[in-house]
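Chain by chain, the residues run as shown.
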Amino acid sequence: MSEDPFVAHRSLLFTVAYEMLGSVADAEDVVQETWLRWAASVDAERYGTPGRTSCGP
């Protein structure tokens, strides 16, 4: 069974966020926000859900 791409890269995302922010709590917040945006874009692509499909502002 293949692992979810986000789960496979979560540790790397956390490490990058922590190195940039210097706070575990802030890094976790960034990783969570990244997951929410990624999941929304995947759902939009997969199911044609209306809404924002990019991570930009």
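This text goes with the structure placed above it.
Numbering of residues starts from 1 in every chain and runs along the sequence as written. Reporting in this predicted model follows two pLDDT cut-offs: at least 70 for local features of residues, and 80 or more for side-chain atom pairs to be given and counted; totals over whole chains, interfaces and linings ignore these cut-offs and use all residues. Side-chain calculation: all heavy atoms of the structure are included, whereas hydrogens and water are not.

Caption draft 1: Just the packing of aromatic side chains, in detail. For Phe, Tyr and Trp, rings pair up if their centres lie within 6.5 Å, where Trp contributes its six-membered ring, and each pair is then called stacked (planes under 30 degrees apart), edge-to-face (over 60) or tilted (otherwise). Tallied over the full model, the rule gives one aromatic pair. With a centroid separation of 6.1 Å and an interplanar angle of 15°, the aromatic rings of F14 and Y18 are classed as stacked. In this pair, F14 and Y18 both sit in helix α1 (residues 5-21), four residues apart, roughly one turn of the helix. For the purposes of this entry, the term helix denotes a DSSP run of H or I that reaches at least four residues, the term strand denotes a run of E that reaches at least two, and both are numbered from the N terminus.

Caption draft 2: Fine view of a nonpolar patch on the surface. Like-charged residues within 9 Å of one another, or nonpolar side chains (Val, Leu, Ile, Met, Phe, Trp, Tyr) within 5 Å, are grouped into patches, provided each residue has over 30% relative accessible area and no salt bridge. The method behind every accessible area is Shrake-Rupley, applied with a 1.4 Å probe, and residues are considered shielded solely by the protein chains displayed. Counted as salt bridges are all cases of a side-chain nitrogen of Lys or Arg within 4 Å of a carboxyl oxygen of Asp or Glu. On the surface, L12, V16, M20, L21 and V30 cluster together into a nonpolar patch covering about 480 Å² of accessible area. A total of four residues in the nonpolar patch trace back to one element, the largest contributor, which is α1. Locating V16 in the fold gives a position in helix α1. The exposure class of V16 is partly exposed, given its relative accessible area of 42%. For every residue, the accessible area obtained with a 1.4 Å probe (protein chains only) is divided by the maximum for its type, and the residue is called buried under 20%, exposed over 50%, and partly exposed between those limits.

Caption draft 3: Focus on the pattern of salt bridges. By the definition in use, this model includes two salt bridges. Note that R10 is salt-bridged to E28, the shortest N-O span being 2.7 Å. With R10 in helix α1 and E28 in helix α2 (residues 24-47), this pair connects stretches of sequence that are 18 residues apart. With a closest N to O distance of 3.0 Å, R37 and E33 form a salt bridge. Taken together, the positions of R37 and E33, both in helix α2 and four residues apart, correspond to about one turn of that helix. On the basis of relative accessibility, which here comes to 32%, the residue R37 falls in the partly exposed class. On the basis of relative accessible area, E33 is assigned to the partly exposed category, the value being 38%.

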